[in-house]
Every structure is written in structure tokens, then in C-alpha cells.
Amino acid sequence: MRFEISKVLDAIEGRVCTDPSLARAVVDLAEVIRWQNLDGGRPASLLRLGMVIDALSRQIGEDSVPVYAIVHRALLSDADLTSNERMVVRRWADDGLVEVLDQPGDRMLEVADLLGLPVLTRARLDGLVGRYPWIGQAGRVLAPVPGAGGPVFIAHVGGGQDPATGSRSPAGVKVLSRKWRCPEPGCALFGGGGSGGAFADLAAVDRVPAEQPPPTLRTGAPTCPRHGARLSDAGPRPRTAVLAVRIGGLVRKRFALTETEPVAVGRAPDGPGGVTLGQWLNDEARRWISRSHIRLELRVGEVVVTDTSTNGSGVRPGGSMAEHERLALAPQQSRVLAEGDLIELYPGVQVGRADDMSSDAKYTPNSVMAEAPTMAMRLPRQ
Ligand SMILES: [Zn+2]
């Protein structure tokens, strides 16, 4: 039982991130874990985050949807969580997957404002519409409540039940055009070090994460939300393109491509940063698709695909599914993706810009709770 819960928590770990290009909604983890009526279980449970993430996936109609979680520091020692859950949250904090704050205040709303993301909360935010006008827009603030097949969303303000993404605020666009460095050694969000000799400097450069959360602007200048320290400018942030994988008509995963790192996509690419498709493929597709099937690069804002497979790929110009328009991409051949183009690794297995792609099949969930589907219902009461 304990082992299975660990596996569920590992699956949830793949769905928390502070990456501005990939997060799809903002949550306050301290709030989520206490939504006891979602499962009628313990006073606090980290598995409720999994239930809310599943609900978000279901509502958006995409798999592997990550959330941006703000975590009050007190949660790391919350006695209502199991020791295993506390350990997991600490690991997320150490890895910069969540934002741990002494005083979260309205950081959740600030992040939503800077990134244009919806907020999942049961708090009634009516009084803050003046400060954050988007709160009044449909789908920007949704409350997960118990439903027949898991949590469903209702709106206290703004209406709607489908999570809606807006645009980044002007301040968000500005602050996210730069990389930032925190003076605090080992800062998981904005690198660290910066003092203490050549070795420390070298290590600090290595540790500045490629994708950083938005700094807080509460003090008027870019500041580390975790350490309250003024951040120094670490140069322009590399350009990013958000791509997506669609398999069997369903968007399974989004990933970010930067100008500094090519990304391999295939059945099971070697090395870190690759996009692994194996879990979503049937036997035939698994035989056809190479471990590393294509390599994607971002060059001066253009997405370049290179086939690295044994069997080759195809390109669907403008996303056209007409067979006579499909262009072959032979092994080792490269091509610049035009707007709307999709790369096809195998019939029904497509990669393209996330904006050009939507799910067009019935949602068949790949639940983060799949390792133990009824686990949440069977949590021991304390
Ligand atoms: Zn910091």
C-alpha cells in the first residue's frame, strides 16, 4: 500500500512545475490538500492534488497537464500529512518544482496575473476584481468541488467551467524576457551562489535553471519569492517554443523547446530532456518508431526537425490530413516547420506547435492516480 502511494506521488511529481511555458493553472497546495470533501479521507492528503490535476486534464481534454503550485512553508512540517508526503513535498521544493514561501500572500494571483493562467481555488475573490480585472473573466477562477466521476469545476466569479488561459500581463512579458539569479546559495528557483570564489561561480552558472518562474514584483523590483532577495539580471532568456505531441487524436504532452537545447522525441530517447512516447503507443507503432525518432531544434525562432529514425517520418503541411499532401521526411533529412505543419512519426502520432494542435478525440484519461485507481477512496481515516 505504502509503495503504491509512493508511485502515485511520483506520478503527481511529473505534473508540478514552475515553468512559465508549461504550467496550465495555479494552485495553493496548502488549500488543495485540505479539500476533505473531494474524497472524504484524511484532514490533509497530497493525493488530492492528483485528483485536481486529473480534473484539469479532463476539462482541458489533454493528458499530462502540469500545475504551478505555491506551497506555504508550514506545509513541509504539517503533521496532518504522512511523513512520506512531507518528504515528497520537500523534494519538490528542493528541485524547484514548487514555490515554497514564508508568506504566500497573494502570490498565487500574482503568478496567474504575470503568466495569464487560470487559478484553481475555493476562495471567493470577488473583492479583488478591481485589482485583477481578469478575475471577472470566464474560466479564470474555478473552484474544484466533488462530482460524480471526480472533482468538477464551478465558478464563484466570472462564470464558466472550462479553465481559460489569458495573456501574460505587460509586467509578466517584461520580466520573463530576462533570466534572473538569486544571491542566496543553492536557490532552487533562480540558481544560486554568486559569491565564494571561482568554483562557486562556475557552479552557480550551471545551476541557473533554463526555465525559471516569474520573479515577484511586490517590492517594485524583480525579487526571489522564496528568499525575498533582489535578483540580478543574468541576461536575456532564451527564446522558447511550446510544442505538443498528439497520439490517437489526443494531446498527450506539451514540452518546451529552447534555442540552447535540442529535444529528441521517440519511443524512449536516451539522455535527459527527451520526450518518451512509448507509454502511449500500440505494439505496431512501438515497432515502427525508433527510440530517438526525430530531433527538434529552435533556430532564430524557427522550429527545425531532423529525422533520426530508421523508418523515416512525414510532414503534414498546414496540418492537412490529406494523404496526397503528406511529405516524406527521410532518415537524416531536416526541414523547417512552416506555420501549422505537423510532423508525423507514424499514422496518428504527431508533433507540432502546441498552438496548432488540439485534441480531436474523446478524452481517454491517463490518470496520475492510475497506479492505484481507488486509492483515494480507501485512505485510512485518522
Ligand atoms: Zn532565491
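Whatever comes next refers back to the structure up there.
Residues numbered from 1 in each chain as written. Predicted model: local features only at pLDDT ≥ 70, side-chain atom pairs only at ≥ 80, totals over all residues. Heavy atoms only, no water.

Asker: It is not clear to me how the sheet that holds strand β16 (residues 327-329) should be interpreted in this structure. Could you clarify?
Answerer: For sheets, the rule is that strands pair by backbone hydrogen bonds, running either parallel or antiparallel. Here we have six strands laid out as an open sheet, ordered β10-β9-β19-β18-β15-β16, and antiparallel in their pairing. The sheet is open, and its two borders are formed by β10 (250-258) and β16, each paired with just one other strand. For this sheet, the mean angle separating the axes of adjacent strands, direction not counted, is 25 degrees. Two elements, strand β18 (residues 342-346) and strand β19 (residues 349-353), share four bridges in a ladder whose sense is antiparallel. (Pairing = 2+ DSSP bridges. Helix = DSSP H or I, 4+ residues; strand = E, 2+ residues; numbered from the N terminus. Axes fitted to C-alpha atoms, helices over the stretch in contact; angles between N-to-C directions.)

Asker: Sorry if this is basic, but what is going on with the sheet that holds strand β17 (residues 334-336) here?
Answerer: On the basis of which strands lie adjacent, the open sheet formed by five strands has the order β12-β11-β13-β14-β17 and mixed pairing. The two strands at the open ends of the sheet, each matched to only one other strand, are β12 (275-276) and β17. In the sheet, strand β14 (residues 302-307) pairs with β17 via three bridges, with the strands oriented antiparallel. Paired with Val305 across the bridge in β17 is Arg335.

Asker: What am I meant to see in unusual backbone geometry here?
Answerer: With the exception of glycine, the majority of residues adopt a negative phi angle, and the majority of peptide bonds are in the trans configuration. Positive phi outside glycine occurs at Ser64, with the angle close to 55 degrees. Here Ser64 shows up in the loop between α3 (47-60) and β2 (68-72). The exposure class of Ser64 is buried, given its relative accessible area of 19%. (Buried < 20%, exposed > 50% of the residue type's maximum accessible area, 1.4 Å probe, protein only.)

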